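Read off the chains here:
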Amino acid sequence: MNQNIDLHALYEQYPDQNDQKTIQNMRQIILDTMELEQDKVRLGNDIYPTEKVQKRLMKIKTEHIAYILNNLESLEHPIRNINAYLLKSPFYSTCILQL
């Protein structure tokens with residue numbers, strides 16, 4: 001993803017194959033978003049300028065990904081669109097965790 005994320009440390013911290021698959025999916029979704037050339041990106045019901053989303057995703061650190069994985073485990077309701085969740089969560093995590 002970027003230099004701020006230590007995938008090896010995440011894989012050690014989350015050895016479960018489902019968690020590792022989630023990390024891989026989140027990584028791919030973030031990478032795909034970083035390559036977007038369209039003007040806008042939809043995150044849930046909100047639409048943001050692509051540049052704003054990309055700038056915020058560049059701020060993601062290992063701790064943000066760990067925070068998201070921990071929250072996934074504690075959710076009490078099913079996620080209807082996991083791909084949307086895996087993009088929206090990193091975007092908002094940079095505001096929640098001021099690292």
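In what follows, the structure referred to is the one given above.
Predicted model, so just to flag it, every value in this text is computed and none were measured.

**Topic: the packing of aromatic side chains**
Thought 1: According to the stated counting rule, one finds two aromatic pairs in the structure shown.
Thought 2: Aromatic pair Tyr 48 and Phe 91: ring centres 4.8 Å apart, planes at 50°, arrangement tilted. Taken as a pair, Tyr 48 in strand E2 (residues 46-49) and Phe 91 in helix H5 (residues 82-96) lie far apart in primary sequence, 43 residues in all. The exposure classification of Tyr 48 matches that of Phe 91, with both residues buried.

**Structural notes on the environment of Ile 29**
Thought 1: Relative to the elements of secondary structure, Ile 29 occurs in helix H2 (residues 17-34).
Thought 2: Separated by 12 residues in sequence, Ile 29 and Gln 17 place their C-alpha atoms 18 Å apart.

**Overview of helix H3 (residues 50-57)**
Thought 1: Considered for burial, the residues of H3 that qualify are Thr 50, Val 53, Gln 54, Arg 56 and Leu 57. All buried residues of H3 project into a common sector of 165° when viewed along the axis, lining one side. Exposed side of H3, more than 90 degrees from the buried face: Glu 51 and Lys 55 are the residues found there.
Thought 2: Tucked into the core, H3 has its buried residues touching H2, strand E1 (40-43), E2 and H5.

**Quick look at the packing of H2 against H3**
Thought 1: Contact pair H2 / H3: the axes reach a minimum separation of 9 Å and the direction vectors enclose 135°. Here H3 runs oblique to H2, going by the angle between their axes. The two elements H2 and H3 cross, and the hand of that crossing is left-handed. Residues Ile 30, Thr 33 and Met 34 of H2 form the contact with H3, whose own contacting residues are Val 53, Gln 54 and Leu 57.
Thought 2: Class assignment of the residues belonging to the contact of H2 with H3 gives a composition of four nonpolar, two polar and no charged.

Basis of the calculations
Every chain is numbered independently, its residues counted from 1 as its sequence is written. Reporting of local features is limited, given that this is a predicted model, to residues whose pLDDT is at least 70; pairs of side-chain atoms are given and counted only at 80 or more, and all residues count toward the totals for whole chains, interfaces and linings. Computation of side-chain values: all heavy atoms of the structure, hydrogens and water removed. Paired rings are identified among Phe, Tyr and Trp, the last through its six-membered ring, by centres lying within 6.5 Å, and are further divided according to the angle between planes into stacked (under 30 degrees), edge-to-face (over 60) and tilted (the rest). Put simply, DSSP marks the helices as runs of H or I at least four residues long and the strands as runs of E at least two long, and each gets a number from the N terminus on. Three labels apply to residues, based on accessible area from a 1.4 Å probe with only protein chains included: buried if under 20% of the type maximum, exposed if over 50%, partly exposed otherwise in between. Think of it as the arc spanned by the lines of direction from the helix axis to the C-beta atoms. By definition, residues are in contact when any of their heavy atoms lie within 4.5 Å. The angle between two axes is taken between their N-to-C directions and runs from 0 to 180 degrees, where each axis is a line fitted to C-alpha atoms and a helix contributes only its stretch in contact. By the definition adopted for this analysis, an angle is roughly parallel if under 35 degrees, roughly antiparallel if over 145, roughly perpendicular if from 65 to 115, and oblique otherwise. Should the near helix be turned counterclockwise from the far one by less than a right angle, the crossing is left-handed, whereas a clockwise turn marks it as right-handed. Three residue categories are used. Nonpolar comprises Ala, Val, Leu, Ile, Met, Phe, Trp, Tyr, Cys and Pro, charged comprises Asp, Glu, Lys and Arg, and polar comprises the others, including Gly.

None of this, on its own, says anything about what the molecule does.
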